[in-house]
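Analysis of the macromolecular model
Single-letter residue listing:
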Amino acid sequence: MEINETQLGQVNNQIQRLIQSNNFYGHRLKEAGITGIHSADDFHALPFSEKQDLRSAYPLGLMAVPEEEIVRIHSSSGTTGTPVIIPYTAKDVDDWGEMFKRCYEFAGITNRDRIQITPGYGLWTAGIGFQNGAEKLGAMVIPMGPGNTNKQLQMMMDLQTSVLCATSSYALLLAEEIAARGIGNNIHLRKGVIGSERWGRKMRNRISRELGIELYDIYGLTEIYGPGIGISCRYDAGMHIWDDYLYLEIIDPETGDNVPDGTYGEIVITTLVKEGAPLIRYRTHDISRIIPGTCPCGSRYPRIDAIVGRSDDMMKIKGVNVFPKQIEEILGGFPQLSSEYQIRISHLDGRDTMRIYVETNGHEDFLETADEVAAAVKSRIGFTPLVKVVELGVLPRSEKKTKRVIDERYE
Ligand code: ZN
């Protein structure tokens, strides 16, 4: 998915804005002597931006317009160190709302829907992002914010909420509560829009089945507007990304080079029209891939696959980038296996080898299952691992996070 002429022109405008503002990136451009770009090659020579750059700009160093044009800030959670503050102009807020409105439209949501918003409001981009888009659409917003499940369910019944916006874990909690209270008949949900959180097929299917709704995955991050920069469509074949607002690349996290469409790597995003805090080649550390070809829905917007992990989790085996989440998803398709597994990577006789240990759920057909798992990994990821099925309870369990990947190549 190469950058096109329109996008190149837009990046050029951003470069002028950044140089004028002399924020961290403008400064970096000046130092590199870059005053503009004229080709895709020029674009790929632009330096990356990192979360650390944004932290260093705390509190308002990212601002690329005069302060009187800034109407709002948002902040990403500062669980590790200094938070990041993103300033927005009125146009940024409006553009974000337009993108989010498009998300709802892709999900078949209309101004006849009643949208219950359960992500948090405040410094975060979550709740208010869902709300802006819904208001632009003309739908009825029920701005609940998180928690207070009793009240959530009461409003959901009384107002006949038709769309639930939530994290996957909260959607599951609500689904379980509805089942436990036997109030399913009083719930009128038809669709769910689920915020970008890593979640597996099994959980997704459970939420969808228990609530009897269609689910849509939404993508976004505070540094780049917030949620709503892309969403899956009714064919559930990846998330469409709004490339009139953003240019998205997939790079090899180690080399920084672009990888071919279809190959997994790190998502890097360039904002094309953002004013308050434009970002050029921002490394998200989210791992996905561009899905080649046209979506069955016919939309021209490019697609990325579900996020399979963070770049720090990546394993390189036989030249293929692999993420534990991909293996976990494959194993999740085998009902005869428990949820426990262990991956060991070693270097034997000049070759990388992946061994996967999985636990049976009490089934006896160890060898057959091992062959099936190996074949599934081969077909999904591209190489054949050694698979060993062991009895239930054999693999180590830990009260903290269980270490599932052991790379013996570097020990
Ligand atoms: Zn589609």
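These notes cover the structure that comes with them. (Residues numbered from 1 in each chain as written. Predicted model: local features only at pLDDT ≥ 70, side-chain atom pairs only at ≥ 80, totals over all residues. Heavy atoms only, no water.)

1. Notes on helix α7 (residues 149-158)
- For α7, the set of buried residues is Thr-149, Gln-152, Leu-153, Met-156 and Met-157. On an axial view of α7, the arc spanned by its buried residues comes to 125°, and they lie on one face.
- Where α7 is buried, its residues touch β3 (114-117), β5 (163-166) and α8 (168-181). (Buried < 20%, exposed > 50% of the residue type's maximum accessible area, 1.4 Å probe, protein only. Helix = DSSP H or I, 4+ residues; strand = E, 2+ residues; numbered from the N terminus. Arc of directions from axis to C-beta. Contact = heavy atoms within 4.5 Å.)

2. Quick look at the packing of helix α10 (residues 324-331) against helix α11 (residues 366-381)
- Viewed as axis vectors pointing N to C, α10 and α11 meet at an angle of 130°, and their least axial separation amounts to 10 Å. Between α10 and α11, the angle is such that the two are oblique. Handedness of the α10/α11 crossing: right-handed. Residue-level inspection shows Gln-326, Ile-327, Glu-329, Ile-330 and Leu-331 of α10 in contact with α11, the latter providing Val-373, Ala-376, Val-377, Arg-380 and Ile-381.
- Considering only residue class, the contact of α10 with α11 consists of seven nonpolar, one polar and two charged. (Axes fitted to C-alpha atoms, helices over the stretch in contact; angles between N-to-C directions. Parallel < 35°, antiparallel > 145°, perpendicular 65-115°, else oblique. Left-handed = near helix turned anticlockwise from the far one by under 90°. Nonpolar A, V, L, I, M, F, W, Y, C, P; charged D, E, K, R; others polar.)

3. A few points about the pattern of salt bridges
- For the structure on display, the rule yields 23 salt bridges.
- Across the salt bridge formed by Lys-191 and Glu-214, the nearest N and O atoms sit 2.9 Å from each other. With Lys-191 in strand β6 (residues 191-194) and Glu-214 in strand β7 (residues 214-221), this residue pair connects regions lying 23 residues apart in the sequence.
- A network of salt bridges, in which partner residues are shared, links Glu-50, Glu-266 and Arg-283. (Salt bridge = Lys/Arg side-chain N within 4 Å of Asp/Glu carboxyl O.)

4. Examining helix α1 (residues 5-21)
- Spanning 17 residues, α1 covers 25 Å between terminal C-alpha atoms, matching the ideal 24 Å at 1.5 Å per step.
- Taken together, the buried positions of α1 are Gln-7, Leu-8, Gln-10, Val-11, Asn-12, Gln-14, Ile-15, Leu-18 and Ile-19.
- Packing partners of the buried residues in α1 comprise α2 (24-32), α3 (40-44), β10 (246-251) and β11 (265-271).
- Capping of α1 at its N-terminal end is provided by Asn-4; its side-chain oxygen lies 3.1 Å from the backbone amide nitrogen of Thr-6.
- Where α1 terminates, the next one or two residues include Asn-22, which has phi positive at roughly 60°. (Expected span 1.5 Å × (residues − 1). Polar contact = N/O pair within 3.5 Å; in protein donor to acceptor, adjacent residues only side chain to side chain.)

5. So, the coordination of the zinc ion
- For the zinc ion, the protein coordination sphere consists of Cys-233 (SG), His-240 (NE2), Cys-295 (SG) and Cys-297 (SG), at 2.1 to 2.3 Å.
- The site at the zinc ion holds four donor atoms, and with the angles between them running 104 to 117°, its shape is tetrahedral.
- Each donor residue of the zinc ion lies on the same chain, and together they follow the pattern C-x6-H-x54-C-x1-C.
- On the accessibility criterion, Cys-295 (4% relative accessible area) is buried.
- A residue is classified by how much of its surface remains accessible, and Cys-297, at 23% relative accessible area, is partly exposed. (Donors = N, O, S within 2.8 Å, 3.2 Å for Na, K, Ca; no water. Tetrahedral: all angles 85-135°; square planar, octahedral: opposite > 155°, others 65-115°.)

6. Quick look at the packing of α1 against α2
- Two numbers describe how α1 lies on α2: the axes approach to 7 Å, and their chain directions differ by 100°. The orientation of α1 with respect to α2, classified from their angle, is roughly perpendicular. Between α1 and α2, the residues in contact are Ile-15, Leu-18 and Ile-19 and Tyr-25, Gly-26, Leu-29 and Lys-30, respectively.
- Grouping the constituent residues of the contact of α1 with α2 by class yields five nonpolar, one polar and one charged.

Nothing here speaks to function; it is geometry throughout.
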